[in-house]
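# Summary of structural features
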Amino acid sequence: MPEPVDALCIGEALVALRSSGLLALGAPLTPAVAGAESNVAIALSRLGHQAAWCGVVGADQAGALVLRTLRAEGVDLRCVRREPRSATGLMVREQRLPGLVRVDYHRRGSAGSRLDLADVRRALRTVKPRVIHVTGISLAISAQARAAVTEIVRDAHEVGAMVSLDVNHRRRLWTDAEASAALAPLLPQVDILVGSVDELALLAPSSVGDGSDAAGHLLARGPAEVVVKHGAQGASVFTLGESHHLPAHRVTLVDPVGAGDAFTAGYLSGRLDALPVREALARANLLGGFAAASDGDWEGLPTREEFGLLALADGEALR
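Attention in this report is confined to the structure presented alongside it. Everything quoted here is computed from the prediction, not taken from an experiment.

With that settled, the discussion passes to the environment of I137. Relative to the elements of secondary structure, I137 occurs in helix α4 (residues 136-140). You can call I137 buried: its relative accessible area is 8%. When the C-alpha positions of I137 and V153 are compared, they lie 14 Å apart, and in sequence the two are 16 residues distant.

Right under this line is the structure:
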């Protein structure tokens, strides 16, 4: 029988080679683990939720780093497959300016792009999730990964799981038109839809303004909750019966990459804890603030005991 877990996150984890200077000038690179869905799994695990990650890594040292890191963060890895024929994907990140990160991907034909129907079917025989989390990236990396994600989203309600979809649009992976064509058919099965105003406009092309118009259009197509990210201006959540907007936390921006994944994890954590949507949104903003104020995609994410740290004054010491 499948073992209950709070969340099953499905997608590609990569090794990120990070540079604090210009790669073209020979700045040193430091390896770390990255990936939108694995970031969410780590964030949920740090908050005490049972989070599983489903994906494929190479039978290489980069894949070993991914698995070692996720295992150390308490993520359930029973739904992971190692692929000897392909290498684990790479991304190169350089700090071009303070608060501005430039990213290059090396993931075409990667092990992660070989996620297939057998992987997701095996995952549902292994775990019984309360929520299944996917992103647009999962659909963009390959046709077979897209088919796998589409099937598990379609079957999620049959196994009693909610579906969370973060649009997470990456124009270096596919075009706006390709993203819209792949994501729109999933909307009737999606319970929680997350995206920026620009990302949601891909699914509601006639919408204008701050995202409320898009949210109204999208709520009529299936999702019960539409969460709109406004970056430094905060975030909003819309349901058929209510809407809320909350400002972002004021933090010193250190690294913007990963803040969106942390935000999504915070919202899912709140809903897994049965918080009202406004309180879940507050937790989403909190985790987004931690990520933006920390170096790395997930390294600075908090435990529950650390939620109050953002309220402390700059330079204050905990003794």
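Most of strand β11 (residues 225-229) is tucked away, with 5 of its 5 residues classed as buried. Burial of the side chains of β11 extends over both faces: E225, V227 and K229 are buried on one face and V226 and V228 on the other. In terms of strand pairing, strand β10 (residues 192-196) meets β11 through 5 bridges, oriented parallel. Of the residues in β11, the one forming a bridge with V194 is V227.

Where helix α1 (residues 36-46) meets helix α9 (residues 259-272), the closest approach of the two axes is 9 Å, and the angle between their N-to-C directions is 45°. When the axis of α1 is compared with that of α9, the two are oblique. Once α1 is placed against α9, the crossing between them reads as right-handed. In this structure, α1 uses A36, N39, V40, A43 and L44 to contact α9, whose residues at the interface are D261, A265, L268, S269 and L272. The residue inventory of the contact of α1 with α9, partitioned by class, reads 7 nonpolar, 2 polar and 1 charged.

Moving on: the nonpolar core. Residues L8, I10, I132 and L193 are the most contacted members of the largest nonpolar core, which totals 50 residues. The element best represented in this core is helix α5 (residues 143-155), accounting for 5 residues. Aside from chain neighbours lying at most four places away, what touches L8 is A52, C54, C79, A123, L124, V127, P129, V131, I132, H133 and I152. With 44 residues, the next largest nonpolar core counts V40, L268, A292 and L301 among its residues.

Buried residues dominate strand β8 (residues 127-135), accounting for 7 of its 9 residues. In this sheet, β8 lies alongside strand β1 (residues 3-10) in parallel orientation, the contact comprising 6 bridges. From the neighbouring strand, V5 faces β8, where its bridge partner is P129. Where β8 and strand β9 (residues 162-166) come together, 5 bridges link them in parallel fashion. Within β9, the position partnered with I132 by the bridge is V163.

Criteria and thresholds
- Residues numbered from 1 in each chain as written.
- Predicted model: local features only at pLDDT ≥ 70, side-chain atom pairs only at ≥ 80, totals over all residues.
- Heavy atoms only, no water.
- Helix = DSSP H or I, 4+ residues; strand = E, 2+ residues; numbered from the N terminus.
- Buried < 20%, exposed > 50% of the residue type's maximum accessible area, 1.4 Å probe, protein only.
- Pairing = 2+ DSSP bridges.
- Axes fitted to C-alpha atoms, helices over the stretch in contact; angles between N-to-C directions.
- Parallel < 35°, antiparallel > 145°, perpendicular 65-115°, else oblique.
- Left-handed = near helix turned anticlockwise from the far one by under 90°.
- Contact = heavy atoms within 4.5 Å.
- Nonpolar A, V, L, I, M, F, W, Y, C, P; charged D, E, K, R; others polar.
- Core = buried A, V, L, I, M, F, W, Y, C linked by side-chain atoms within 4.5 Å.

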